Amino acid sequence: FSSSSSSSVENDARRHQKQNQLQHDHHRYHREKEDAKMVFTEKEEEEEPRPHIHVLATSNGSPYLNWQTRIMYRTFLDILQQQQQQQLEQPNAEKHMKYFTRLLHRRTDDELMKEVPTVRVDSLHPSCDKWCAFPVHDRPDAIKKWLQSEDAKRGGEKNKFVLMIETDYVFKRPMQIPSPLMEYHRSFLQQKNTRKGEVGGEEQKASAIAFHFNYINPHYPSLPPVMERLMQKLNDPKKIVDTKKILASGPAPTLIYLDSLNRLIDDYIVITEEIEKDEDAKKKLGWVREMYAYSIAAATSNVKHIVEEPRKTMLISQPPADDDLYEASMYHYTWGARYVRGKDKSSIAWDWDKRPYIDVKHVREPGKYMPPMPPEFIEEGGDLKLLDGTLVTSKLNDVMRDLIGTMRNAIQRLDTLDYNCGWLDTEPKCDFRCQTGELC
């Protein structure tokens, strides 16, 4: 060959190599997605189904939630690897984390369908596909549609616990089904509990673990009449219960037995709809009104929850309100954090909040918009404080560094998305040939 033809061959080879690498990168997350659908081995498939956890995260596909979802799902894959490693080191250890589904309540596909295992169901309110005042209004209906899907049956319905979460969580360690819920599971299979008894009858065994949110207070002086009015809308005298039985919680984070979720879902839907029709209830319950709907439904359906306190829960830690992970399996970054100096708090030493991450650029090129790390060291007894006056200790700073570091580590491994579909008015709709109500 001539030198020019040799050079041409080398260039072609380099182009093919680059193309193959691009194809490899493009499909990397698709393969991981398939792994997350079927994380059990062929040997396990042959064995009798065992109790397991199916993670369910709801979303309307907005950039704000999609940015959070990409990070959260990456950390879920990480804890699956942790779980596999733990089982290698301790062969008799239980492996409960199994499936992940993003439940997308939206009329069209979105750009995460190729990356994150998703069941899409039609939203009740098409306007919420872009913007509406209260998109979680569609969540209860979406959950019921998911419960009717084949995806909800994976691994055996009688062995499934559903971990309902929000998108602004990051996983830190595999979760285990706690002993009270395992006891409920055994009783359910033996048909020795009173799960179909009347509300207010024999004491029900706990079939769910929930988190105590101090801003959910059904017993606030002005709220019991609202609770009673909403229960009356169920048109069943047996479902009008003592308001003291209503949880101070919500649907996420909650670990719940699948049968129990099926039992409360209809009341959850009805109460959510009745709140939206009731201006007084909307005003008094505010932006957390759908959380109240779930809490009421749990009581009217006689689905007993163990409501765990912050810093004593297996579910979430919420820095900077919490200064450690404690016993939790996940971080929830609902609160922003700002380190300030001075009496007027005008000198900012460090600052981060999730709320500015609302644009498609954050979803598609997350590596360009990394959350900044908190300071590496904090002087004990120094003058750094949070905006509420809480002193920033080294312990608090360490947990903030762990949270932000976990997020950054996930972001560093996210691909740039180049689909450019589904959100901006100038873009075509996303269409990945996904069927409504089926895992895609």
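Just above, that's the structure.
The structure presented is a predicted model; accordingly, all values stated were derived computationally and were not measured. (Residues numbered from 1 in each chain as written. Predicted model: local features only at pLDDT ≥ 70, side-chain atom pairs only at ≥ 80, totals over all residues. Heavy atoms only, no water.)

Peer 1: What is the right way to read the environment of His 305 from this model?
Peer 2: With respect to the helices and strands, the residue His 305 is situated in strand 8 (residues 304–308). Residue classification places His 305 among the buried residues on the basis of a relative accessible area of 8%. It is 5.4 Å that separates the C-alpha atoms of His 305 and Ile 209, two residues lying 96 residues apart in sequence. Not counting residues within four places of it along the chain, the set of residues in contact with His 305 comprises Ala 208, Ala 210, Leu 247, Thr 254, Ile 256, Leu 264, Tyr 294 and Ala 298. Only 2.8 Å separates the side chain of His 305 from the side chain of Tyr 294, close enough to count as a polar contact. Among the polar contacts listed, one links the side chain of His 305 to the backbone oxygen of Val 303, at a separation of 3.0 Å. (Helix = DSSP H or I, 4+ residues; strand = E, 2+ residues; numbered from the N terminus. Buried < 20%, exposed > 50% of the residue type's maximum accessible area, 1.4 Å probe, protein only. Contact = heavy atoms within 4.5 Å. Polar contact = N/O pair within 3.5 Å; in protein donor to acceptor, adjacent residues only side chain to side chain.)

Peer 1: How do you make sense of the sheet that holds strand 10 (residues 330–332) when you look at a structure like this?
Peer 2: Think of a sheet as strands paired side by side through backbone hydrogen bonds, with each pair either parallel or antiparallel. Reading across from one edge, 5-10-9 is the order of the three strands in this open sheet, with mixed pairing throughout. Looking at strand neighbours, the two that pair on one side only are strand 5 (169–171) and strand 9 (316–317), the edges of this open sheet. Relative to strand 10, strand 9 is paired through two bridges, and the arrangement is parallel. Across the sheet, the residue bridging to Ile 316 is Met 330, located in strand 10. Helix 11 (residues 394–411) rests against strand 5 and strand 10 of the sheet, and its axis sits at about 85 degrees to strand 5. (Pairing = 2+ DSSP bridges. Axes fitted to C-alpha atoms, helices over the stretch in contact; angles between N-to-C directions.)

Peer 1: I tried to follow the packing of helix 3 (residues 63–89) against helix 11 on my own but got confused; where do I start?
Peer 2: To describe two helices that pack against each other, one gives the angle between their axes and the distance between the axes. With their axes 9 Å apart at the nearest point, helix 3 and helix 11 run at an angle of 95 degrees to one another. By the angle class used here, helix 3 and helix 11 are roughly perpendicular. Every residue of helix 11 that contacts helix 3 at Trp 67, Ile 71, Arg 74, Thr 75 and Asp 78 is listed here: Thr 406, Met 407, Asn 409, Ala 410 and Ile 411. Residue classes in the contact of helix 3 with helix 11 are distributed as five nonpolar, three polar and two charged. (Parallel < 35°, antiparallel > 145°, perpendicular 65-115°, else oblique. Nonpolar A, V, L, I, M, F, W, Y, C, P; charged D, E, K, R; others polar.)

Peer 1: When you look at empty space enclosed by the protein in this model, what are you seeing that I'm missing?
Peer 2: Sizing a probe to match a water molecule and rolling it over the atoms shows the empty space that remains. By the definition in use, this model includes one cavity of 30 Å³ or more. If you add up the space inside the largest cavity, you get close to 40 Å³. The wall of the largest cavity is formed by Gly 61, Pro 63, Asn 66, Arg 106, Asp 110, Glu 111, Val 360, Cys 421, Gly 422 and Trp 423. (1 Å grid on protein atoms, 1.4 Å probe; cavity = no way out; pocket = protein on both sides within 12 Å on 5 of 7 lines; lining within 4 Å. Points joined across faces, edges and corners; volume = space filled by probe spheres on them.)

Peer 1: Before we go on, may I ask you to explain the sheet that holds strand 6 (residues 206–211) in this structure?
Peer 2: Spatial ordering of the open sheet is given by 3-2-1-4-7-6-8, a layout of seven strands whose pairing is mixed. Bordering the open sheet on either side are strand 3 (118–121) and strand 8, each of which pairs with just one other strand. With strand direction ignored, the average angle separating the axes of adjacent strands in the sheet is 25 degrees. Pairing of strand 4 (residues 160–165) with strand 7 (residues 254–257), which is carried by four bridges, proceeds in the antiparallel orientation. Of the residues in strand 7, the one forming a bridge with Val 162 is Ile 256. Those strands touched by helix 3 are strand 1 (52–59), strand 2 (97–105) and strand 4, and its axis lies near 170 degrees from that of strand 2.

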